Amino acid sequence: MNLIMKTEFENLQNNNAHAYETDTNSDKQVVKIYCGDVLIAKKIKLKKSIRYFGVKNYQQYLTP
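This section reports on the structure supplied with the text. This is a predicted model, so every value here is computed, not measured.

About the thresholds
Residues numbered from 1 in each chain as written. Predicted model: local features only at pLDDT ≥ 70, side-chain atom pairs only at ≥ 80, totals over all residues. Heavy atoms only, no water. Salt bridge = Lys/Arg side-chain N within 4 Å of Asp/Glu carboxyl O. Helix = DSSP H or I, 4+ residues; strand = E, 2+ residues; numbered from the N terminus. Phe/Tyr/Trp six-rings, centres within 6.5 Å; stacked < 30°, edge-to-face > 60°. Buried < 20%, exposed > 50% of the residue type's maximum accessible area, 1.4 Å probe, protein only. Pairing = 2+ DSSP bridges. Core = buried A, V, L, I, M, F, W, Y, C linked by side-chain atoms within 4.5 Å. Contact = heavy atoms within 4.5 Å.

Examining the pattern of salt bridges
Under the definition given, this model contains 1 salt bridge. Notably, a salt bridge pairs Lys6 with Glu10, separated by 3.8 Å at the nearest N-O pair. One end of the pair is Lys6 and the other is Glu10, both in helix H1 (residues 6-14) and 4 residues apart, which spans about a single turn.

See below:
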């Protein structure tokens, strides 16, 4: 997975064709975005650090 921008992650998350789930464990929060059964992006929030990751060809899942 590669680092992606926050706006790209939000675009993937707001797409109605994609599903997402949230896992929280004390200081760590992980949001995973799926297209069908395929994981396409995730956000990892650890304390004050937030990182966004996408699969290699995540651009094909972005809405125009």
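Text resumes after the structure shown.
Some words on the packing of aromatic side chains
Taken as a whole, this structure holds 1 aromatic pair when the rule is applied. Here Phe9 and Tyr52 contribute two aromatic rings whose centre-to-centre distance is 5.3 Å and whose plane-to-plane angle is 45°, an arrangement assigned as tilted. Here Phe9, found in helix H1, pairs with Tyr52, found in strand S5 (residues 49-54); they are 43 residues apart in sequence, far enough to count as distant. By the burial criterion, Phe9 is buried, and Tyr52 matches it.

Quick word on the pairing of strand S4 (residues 38-46)
Bridge analysis of strand S3 (residues 28-35) against S4 gives 8 bridges, and the strand direction is antiparallel. Counterpart to Lys32 in the pairing with S4 is Lys42. Counting the residues between successive antiparallel strands, the hairpin from S3 to S4 contains 2 residues, one of them, Gly36, with a positive phi of roughly 70°. Two elements, S4 and S5, share 6 bridges in a ladder whose sense is antiparallel. Across the sheet, the residue bridging to Ala41 is Gly54, located in S5. In this antiparallel pair of consecutive strands, S4 and S5, the connection spans 2 residues, and Lys47 shows a positive phi of 55°.

Looking at the nonpolar core
Formed by Ile4, Phe9, Leu12, Val31, Ile33, Ile40, Ala41, Tyr52 and Tyr58, the largest nonpolar core amounts to 9 residues. Listing elements by their share of this core, those giving two or more residues are H1, S3 and S4. Beyond its immediate sequence surroundings of up to four residues, Leu12 is in contact with Ile4, His18, Ile33, Ile40, Ala41, Tyr58, Tyr61 and Leu62.

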